[in-house]
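What follows is the residue order along each chain.
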Amino acid sequence: MNIILLGPPGAGKGTQARLLVEDRGMTQLSTGDMLREAKDSGTEMGKRVAEVMARGELVTDEIVIGLIRERLLDTSHTGGFIFDGFPRTLAQADALGALLDNMNQTLDCVIEMQVDDEALVARITARSTCGDCGEVYNDQTKPWPADGKCGNCGSTNQTRRADDNEESLKTRLLAYYKQTSPLIGYYYAKGDLKTVNGLGSVEAVAGEIKDALG
Ligand code: AP5
């Protein structure tokens with residue numbers, strides 16, 4: 001089963017993708033994570049995308065589609081793929097369809113996660129991540145453990161993203177509404193779209209996604 005998690009910044013895509021990886025043995029393909037890896041590795045492309053990401057704008061389709069193509073060809077797909085944060089434009093959606101066709105694969109479901117803007121701001125500004133294993137925390141709902149060690153891997157490397165501030169978030173939200181939200185209609189028309197209420201607890205949202213996937 002190959003699925004897309006579609007939603008604005010802070011909707012909980014990464015959090016739910018990690019649960020699907022644990023529960024169903026699926027493979028998470030997050031273009032945000034791939035771009036942050038490129039940035040940290042200091043490659044020429046990483047340097048080019050760093051400023052764009054910090055401002056909260058979208059990286060070019062060419063770069064992102066290239067990353068996904070490379071990863072799809074490199075990764076075994078036994079448990080299926082979760083596309084997290086990809087596609088984000090109509091051009092990316094068309095490219096994904098063509099890539100899957102070439103692999104004789106199908107897209108089985110697109111889960112739209114709906115969360116209102118006020119909750120998104122609260123979630124994003126309170127987020128931290130383990131720099132080693134990627135576990136996601138939240139100062140309000142899932143605080144970094146008091147002993148200073150990640151509850152998943154024991155690392156002390158708590159990190160906050162450069163684009164997790166109110167200014168960048170405004171640009172990220174605008175990019176979502178202008179460039180990404182047309183995908184809701186695109187996948188609805190194809191009959192692939194399911195919608196979940198992303199405002200519930202992490203467990204409640206996971207339950208809704210499970211029902212949507214059947
Ligand atoms: P990316 O890394 O994809 O970021 P995003 O889409 O903005 O999404 P986030 O990772 O911020 O949020 P999320 O939905 O995963 O929420 P999370 O689970 O962490 O992209 C970053 C940048 O890279 C983009 O701005 C762009 O520049 C570039 N980029 C990436 N992909 C691209 C593409 N395809 N094309 C072009 N450019 C691209 O949760 C957030 C917080 O809420 C956490 O603290 C979590 O603990 C908490 N939380 C989660 N669920 C719940 C819940 N149910 N209740 C309460 N709290 C919750």
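Residues numbered from 1 in each chain as written. Predicted model: local features only at pLDDT ≥ 70, side-chain atom pairs only at ≥ 80, totals over all residues. Heavy atoms only, no water.

This paragraph deals with the site of the ligand. As a structural note, the neighbourhood of the ligand is formed by 36 residues, with Thr 15, Glu 57, Arg 88, Arg 127 and Arg 172 the closest of them. For the ligand, an oxygen atom lies 2.8 Å from a polar atom in the backbone of Gly 14. Taking Gly 200, its main chain carries an N or O atom lying 2.8 Å from a nitrogen atom of the ligand. Burial of the ligand by the protein chains amounts to 95% of its free accessible area of 1000 Å². Going through the elements one at a time, α1 (13-24), α2 (31-41), α6 (117-125), β6 (136-138) and α9 (202-213) are the ones with two or more residues in the shell around the ligand. Considered class by class, the residues forming the shell around the ligand number 14 nonpolar, 13 polar and nine charged. (Near = heavy atom within 4 Å. Polar contact = N/O pair within 3.5 Å; in protein donor to acceptor, adjacent residues only side chain to side chain. Areas by Shrake-Rupley, 256 points an atom, 1.4 Å probe, with all protein chains shown as cover. Helix = DSSP H or I, 4+ residues; strand = E, 2+ residues; numbered from the N terminus. Nonpolar A, V, L, I, M, F, W, Y, C, P; charged D, E, K, R; others polar.)

As a further point, take the packing of helix α7 (residues 166-180) against helix α8 (residues 182-190). Close contact between α7 and α8 brings their axes to 6 Å; oriented N to C, the two are set at 35 degrees. Taking contact as the criterion, the partners of Tyr 176, Tyr 177, Lys 178, Gln 179 and Thr 180 in α7 are, on α8, Pro 182, Leu 183 and Ile 184. Partitioned by chemical class, the residues of the contact of α7 with α8 number five nonpolar, two polar and one charged. (Axes fitted to C-alpha atoms, helices over the stretch in contact; angles between N-to-C directions. Contact = heavy atoms within 4.5 Å.)

The strand order β6-β5-β7 describes an open sheet built from three strands, whose pairing is antiparallel. Of all the strands in the sheet, the pair left with one neighbour each is β6 and β7 (158-159). As defined by bridge partners, strand β5 (residues 127-130) adjoins β7 across two bridges and the pair is classed as antiparallel. Counted as the bridge partner of Cys 130 is Gln 158 from β7. (Pairing = 2+ DSSP bridges.)

Within a regular strand, side chains alternate between the sheet's two faces. Within strand β4 (residues 109-114), five of the six residues are buried, which leaves it mostly tucked inside the rest of the structure. Taken together, the four bridges between strand β1 (residues 3-6) and β4 define a ladder with parallel strand orientation. Each bridged residue has a counterpart across the sheet, and for Leu 5 the counterpart in β4 is Ile 111. Pairing analysis gives five bridges linking β4 to strand β8 (residues 193-197), with the strands arranged parallel. Note that in β8 the partner of Glu 112 across the bridge is Thr 195. (Buried < 20%, exposed > 50% of the residue type's maximum accessible area, 1.4 Å probe, protein only.)

Note that every value here comes from positions in space, so none of it alone points to a role or purpose.
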